Amino acid sequence: LAMPWAISSWLGSWRSSIWLSATRAESSDSMAPSRAMVIAGEINLPKSCTDSLGRRVADGSYRVEISAQGAIRSRSNSVALTVDTLPPPLQLVNMPEGGRVRDALLPVEGLTDAGATVLLSGIFQPLAVDAQGRFRTQTKLAEGVNLVEVRASDQAGNTTVLARSIIVVTTPPE
């Protein structure tokens, strides 16, 4: 988990202990104080952050309190933080596994979370995803068996990958 720049910028090049604690926005659950490191101006929490009972924190919104204490000075601040460990859903609506097609130009259509980044093997630009999470493009396949991979990633870096084997047969049997 990386803290937003607004928090790390006020710490500057702080070299002493940094302690963080968080309270879940929709309940009174809290995360136990945890030591963090400041690297290149960014505060990084260990991914195994636990609550006050030693349990891994659940996905959701938290208010993080940050306290830094040194021999001469101390500072504290807070920021809202969202914990997101779930990958986005990904559904391909027109590509069954092992599908056979006669046209080498394959339409690719699917559904994921709005705001997700979708990549298709062989295309180096992200696909456009609309407000309902729909995406659509075309890709050119070669004669024979082709592996088509679609990857959806959310803003937290969670990723879902679907791969389909598609067989292109453009020549009629003899």
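Our subject is the structure that appears above.
Q: Looking at this structure, I do not really get the overall build of the chain. What am I missing?
A: For the chain, the helix and strand inventory stands at one helix and twelve strands. Reading the helices (α) and strands (β) of the chain from amino to carboxyl end gives α-β-β-β-β-β-β-β-β-β-β-β-β. Residue burial in the chain is summarised as follows: out of 174 residues, 34% are buried. Across the chain, contacts joining residues at least 24 apart in sequence account for 54% of those joining residues at least 6 apart.

Q: Quick question: what am I supposed to make of the nonpolar core here?
A: Here is a general trend for soluble globular proteins: nonpolar side chains tend to be buried in one another's company. With 17 residues, the main nonpolar core has Met95, Leu106, Val108, Phe135, Val148 and Val150 as its most contacted residues. Only β6 (90-92), β8 (105-112), β9 (117-120), β11 (144-153) and β12 (159-168) provide two or more residues apiece to this core. Aside from chain neighbours lying at most four places away, what touches Val150 is Leu90, Leu92, Val108, Val118, Leu119, Leu120, Phe135, Thr160, Val161 and Leu162.

Q: Can you walk me through the pairing of β9 in this structure?
A: Judged by which residues are buried, β9 turns out to be one-sided: Val118 and Leu120 face inward and are buried, whereas Thr117 and Leu119, on the alternate face, are not. Inspection of the sheet shows β9 paired to β11 by four bridges, in the antiparallel sense. Paired with Leu120 across the two strands is Val150, which belongs to β11.

Q: Would you mind going over the pattern of salt bridges with me for this structure?
A: Pairing between side chains becomes possible if they bear opposite charge and their charged atoms approach one another. Using the criterion set out here, one finds three salt bridges in the structure. With its nearest N and O atoms 3.6 Å apart, the salt bridge here joins Glu109 to Arg136. Within this pair, whereas Glu109 is found in strand β8, its partner Arg136 is found in strand β10 (residues 134-140), the two being separated by 27 residues in sequence. Of the residues examined, Glu109 reaches a relative accessible area of 25% and is grouped as partly exposed. A relative accessible area of 63% means that Arg136 is categorised as exposed. Here Glu149 makes a salt bridge to Arg151, at a shortest N to O gap of 3.1 Å. Residue class for Glu149 comes out partly exposed when judged on its relative accessible area of 28%.

Q: Looking at this structure, I do not really get the sheet that holds β11. What am I missing?
A: Sheets are built from strands that pair by backbone hydrogen bonding, the pairs being arranged parallel or antiparallel. With respect to topology, four strands assemble into an open sheet ordered β7-β12-β11-β9, the strand pairing being mixed. Of all the strands in the sheet, just β7 (100-101) and β9 have a single pairing partner and so form its edges. Pairing geometry for β7 and β12, over two bridges, is parallel. What sits directly across from Val101, in β12, is Val168.

Q: Just to check I follow, could you spell out the side chain of Thr139 for this structure?
A: Along the polypeptide, Thr139 turns up in strand β10. Judged by its relative accessible area of 11%, Thr139 is buried. Setting aside chain neighbours within four positions, we find Thr139 in contact with Ala104, Leu105, Leu106, Val108, Leu120, Ser121 and Ile123.

Q: What is the right way to look at the environment of Thr117 in this model?
A: Of note, Thr117 is situated in strand β9. Overall, the relative accessible area of 38% leaves Thr117 in the partly exposed class. Linking Thr117 and Pro88, residues 29 residues apart in sequence, is a C-alpha distance of 9.7 Å. With residues up to four places along the chain from it excluded, the contact list for Thr117 reads Pro126, Arg151, Ala152 and Ser153.

Q: What am I meant to see in the pairing of β12 here?
A: If a strand is regular, its side chains alternate between the two faces of the sheet. The sheet contact formed by β11 and β12 spans ten bridges and is antiparallel. Residue pairing for β12: Val148 is matched across the bridge by Arg164.

Calculation criteria
- Residues numbered from 1 in each chain as written.
- Predicted model: local features only at pLDDT ≥ 70, side-chain atom pairs only at ≥ 80, totals over all residues.
- Heavy atoms only, no water.
- Helix = DSSP H or I, 4+ residues; strand = E, 2+ residues; numbered from the N terminus.
- Buried < 20%, exposed > 50% of the residue type's maximum accessible area, 1.4 Å probe, protein only.
- Contact = heavy atoms within 4.5 Å.
- Core = buried A, V, L, I, M, F, W, Y, C linked by side-chain atoms within 4.5 Å.
- Pairing = 2+ DSSP bridges.
- Salt bridge = Lys/Arg side-chain N within 4 Å of Asp/Glu carboxyl O.

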